[in-house]
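# Coordinates in review
If you want the building blocks of each chain, they are given just below.
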Amino acid sequence: MEKLTKKFNNAWELLKDDEQVKVFEFGEEYKTFMDNGKTERECTDEIIKYAKEAGYISLEDAIEKGTIKAGDKIYVQNKGKSVALFNIGSESIEKGMKIVGSHLDAPRLDLKAFPLYEDGGLAMLKTHYYGGIKKYQWVALPLALHGVIIKKDGEKLNIVIGEDENDPVLYITDLLPHLAKDQMDKKMGEGITGEGLNVLIGSIPLKGEKEDAVKLNVLKFLNNKYGIEEEDFTVAEIEIVPAGKSRDVGIDRSMIAAHGHDDRVCAFSSLKAVLEVENPKYTTVGLFVDKEEVGSMGNTGMESAFFENAVAELLHLQGVTSYLGLRRAMSNSKVLSGDVTAGFDPNFPDVLDKRNAAFIGKGVTLTKYTGSRGKSGSNDANAEFLAEIRKIFNENNVVWQVGELGKVDQGGGGTIAYILANKGAEVVDCGTPMLSMHAPIEIISKVDLYMTYKAYKAFYQAQ
Ligand code: MN
Ligand code: MN
């Protein structure tokens, strides 16, 4: 009767020898991508670099040419923070696309608009956290600053401090245990406050200055190096992330620790997959958006018109100019919403239902529904579409498992899945299981990363 039961197996055990080599090679390239892309802007730049090398041209260039044909490869960049790659199929886009959508933003600390101040002889930067963080995790670790500053003369500077080995890092202090009695009596969520996440950036006073001499000295350093002044902060976008590169985890090097696996692991996997697809029947799309961690709002988030505008432009280049054509393109599409899911953690066994939880090392995860309480806010994928995806995965030796975002009534969450589903597309959440989600440094398994890529590629290639 064995055949009647289903068991989700460990993916490492199912790999053939040459495939294990590929898993580790893929992990190396992923780590480089992660080290080069620690913000949504940097990831967008990396993705476009990859796309151009693979022969993609910009939407602007395609419009210039005036027409598109099957096999054309076009990237659409949106304000430097989101991007979509289209590999034009032999069928009209109106017949639908095959899309893997992921997000490039990750929980972090943003600098406030007027961040720099001095207190107790120390220069500090005020921050406002972005996305769902546990504030106590962001103290007492080396931090880096990544951002964009636009000077008064219009010059745009990309600034990175703290990533090069010779760079200084930044830091947020925590209270010494000796004096932490009151702090330790607080609830974990209150031990470190949002207004307490202030970043240490200097301590030498500027000679000859009486007031705010340390702050002035920091401004002098910034001015010498970048030519900026304090007012420039007010029009800047600066993010604080953990400093340093991604690292292998485990004596067997089976896992990777990095900042922002959520959701760059799905972004990278889908990028690699979409670039390898040749001459698809239906247009294949790698879609990489911003602002998922704060509700997908804004003109770089999934709720914006960015993606549909891009599709409308391409339809126009195919001679389809009606609004109906766009609606058909969206509703005929099939989507894997690539996002991470919670993996079973032996340190916290009680929050997941073990029968339905995703496990590290058991492959890419299909999540029928997310949401909270009674599936509130969830895209609940249709059985017919799930069956189609299962067939593709099984036929292509993709090691997959099911997952859910926690026990019933334990909490929950969402992804961009519902947004594309609202346009009529078939959508299911399909991504990588992980540990320590939303921590400054998160953990994934290399075999799950590889199976995520393999899953997306099989999905793209299925006719
Ligand atoms: Mn995510
Ligand atoms: Mn997230």
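Heads up: these notes are all about the structure in this document. Since we're looking at a predicted model, the values are computed, not measured. (Residues numbered from 1 in each chain as written. Chains lettered and ligands numbered in written order. Predicted model: local features only at pLDDT ≥ 70, side-chain atom pairs only at ≥ 80, totals over all residues. Heavy atoms only, no water.)

This part takes up a negative patch on the surface. Side chains of Glu60, Asp61, Glu64 and Glu313 sit close together on the surface and give a patch of like negative charge. No other element matches the three residues that helix H4 (residues 59–65) contributes to the negative patch. Positionally, Glu313 belongs in helix H9 (residues 306–317). (Patch = residues over 30% accessible without salt bridge, like charges linked within 9 Å, V, L, I, M, F, W, Y side chains within 5 Å. Areas by Shrake-Rupley, 256 points an atom, 1.4 Å probe, with all protein chains shown as cover. Salt bridge = Lys/Arg side-chain N within 4 Å of Asp/Glu carboxyl O. Lys, Arg positive; Asp, Glu negative; His and termini not counted. Charge placed at Lys NZ, Arg CZ, Asp CG, Glu CD. Helix = DSSP H or I, 4+ residues; strand = E, 2+ residues; numbered from the N terminus.)

Coordination of the manganese ion (ligand 1) by the protein is provided by His103 (NE2), Asp262 (OD), Asp339 (OD) and Asp339 (OD), with metal-donor distances spanning 2.1 to 2.6 Å. When the donor residues of the manganese ion (ligand 1) are listed from N- to C-terminus, their spacing reads H-x158-D-x76-D. The two metals, the manganese ion (ligand 1) and the manganese ion (ligand 2), are separated by 3.3 Å and share Asp262 as a common coordinating residue. With His103 in strand E4 (residues 97–103) and Asp339 in the loop between strand E14 (334–337) and strand E15 (341–342), the pair connects residues that are 236 residues apart, well separated along the chain. Assessed through its relative accessible area of 1%, His103 is described here as buried. (Donors = N, O, S within 2.8 Å, 3.2 Å for Na, K, Ca; no water. Buried < 20%, exposed > 50% of the residue type's maximum accessible area, 1.4 Å probe, protein only.)

For the pair helix H11 (residues 383–395) and helix H13 (residues 446–461), interaxial distance at closest approach is 9 Å and the crossing angle is 110°. Here H11 is positioned roughly perpendicular relative to H13, judged by the angle of their axes. Residues Phe385, Ile389, Ile392 and Phe393 of H11 lie in contact with H13, whose contacting residues are Ala455, Ala458 and Phe459. (Axes fitted to C-alpha atoms, helices over the stretch in contact; angles between N-to-C directions. Parallel < 35°, antiparallel > 145°, perpendicular 65-115°, else oblique. Contact = heavy atoms within 4.5 Å.)

If you add up the space inside the largest pocket, you get close to 1,200 Å³. Around the largest pocket, the lining is made up of 42 residues, and of these Ala342, Leu405, Ser436, Met437 and His438 lie nearest the centre. Counting residues per element, the lining of the largest pocket draws most heavily on strand E20 (residues 426–431), which supplies three residues. Residues that form the lining of the largest pocket fall into these classes: 14 nonpolar, 21 polar and seven charged. Per-domain counts for the lining of the largest pocket show at least three residues from each of domain 1 (6–106 + 259–461) and domain 2 (108–242). (1 Å grid on protein atoms, 1.4 Å probe; cavity = no way out; pocket = protein on both sides within 12 Å on 5 of 7 lines; lining within 4 Å. Points joined across faces, edges and corners; volume = space filled by probe spheres on them. Nonpolar A, V, L, I, M, F, W, Y, C, P; charged D, E, K, R; others polar. Domains from an automatic or database assignment.)

This paragraph deals with the coordination of the manganese ion (ligand 2). When a metal holds four donors in a tetrahedron, each ideal angle between them is 109.5 degrees; when it holds six in an octahedron, the ideal angles are 90 or 180 degrees. Of the protein atoms, only Asp262 (OD), Glu293 (OE), Glu293 (OE) and His438 (NE2) coordinate the manganese ion (ligand 2), at distances of 2.1 to 2.7 Å. In terms of primary sequence, the donors binding the manganese ion (ligand 2) are separated according to D-x30-E-x144-H.

Here helix H8 (residues 261–276) contains 16 residues, and its C-alpha end-to-end distance of 22 Å stays within 8% of the 22 Å for a straight helix at 1.5 Å per residue. Along H8, 15 of the 16 residues are buried, which leaves the element largely enclosed by surrounding structure. (Expected span 1.5 Å × (residues − 1).)

Under the definition given, this model contains 13 aromatic pairs. Residues Trp12 and Phe24 carry aromatic rings whose centres are separated by 5.6 Å and whose planes lie at 35° to one another, so their mutual orientation is tilted. Note that Trp12 is positioned in helix H1 (residues 11–14) and Phe24 in helix H2 (residues 17–36), a separation of twelve residues in sequence. Ring geometry for Phe33 and Tyr50: centres 6.5 Å apart, planes at 65°, overall edge-to-face. Here the residue Phe33 occupies a position in helix H2, and Tyr50 occupies one in helix H3 (residues 40–53), the gap between them amounting to 17 residues. When sorted by exposure, Phe33 lands in the same class as Tyr50, which is buried. Among the aromatic residues, those joined into a cluster by ring pairs are Phe26, Tyr30, Phe33, Tyr50, Phe268, Tyr450 and Tyr453. (Phe/Tyr/Trp six-rings, centres within 6.5 Å; stacked < 30°, edge-to-face > 60°.)

In terms of nonpolar packing, the biggest core is built from 57 residues, with Leu85, Leu336, Ile389 and Phe393 touching the most fellow members. A per-element tally of this core places H13 first, with ten residues. In this structure Leu336 touches Ile99, Val100, Gly101, Ile389, Phe393, Val428, Cys430, Tyr456 and Phe459, once residues within four positions along its chain are discounted. One finds Ala84, Ala310, Ala417 and Val427 within the second-largest nonpolar core, a separate group that totals 33 residues. (Core = buried A, V, L, I, M, F, W, Y, C linked by side-chain atoms within 4.5 Å.)

Strand order in the open sheet formed by six strands is E8-E7-E10-E5-E6-E9, with antiparallel pairing between adjacent strands. Looking at which strands have only one partner, the edges of the open sheet turn out to be strand E8 (156–161) and strand E9 (199–202). Adjacent strand axes in the sheet meet at a mean angle of 30°, parallel and antiparallel pairs treated alike. Of the strand pairs in this sheet, strand E6 (residues 122–130) and E9 are connected by three bridges, and their pairing is antiparallel. Bridge pairing links Ala123 to Gly202 in E9. Here helix H7 (residues 213–226) sits on the sheet in contact with strand E5 (108–119), E6, E8 and E9, set at roughly 125° to E5. (Pairing = 2+ DSSP bridges.)

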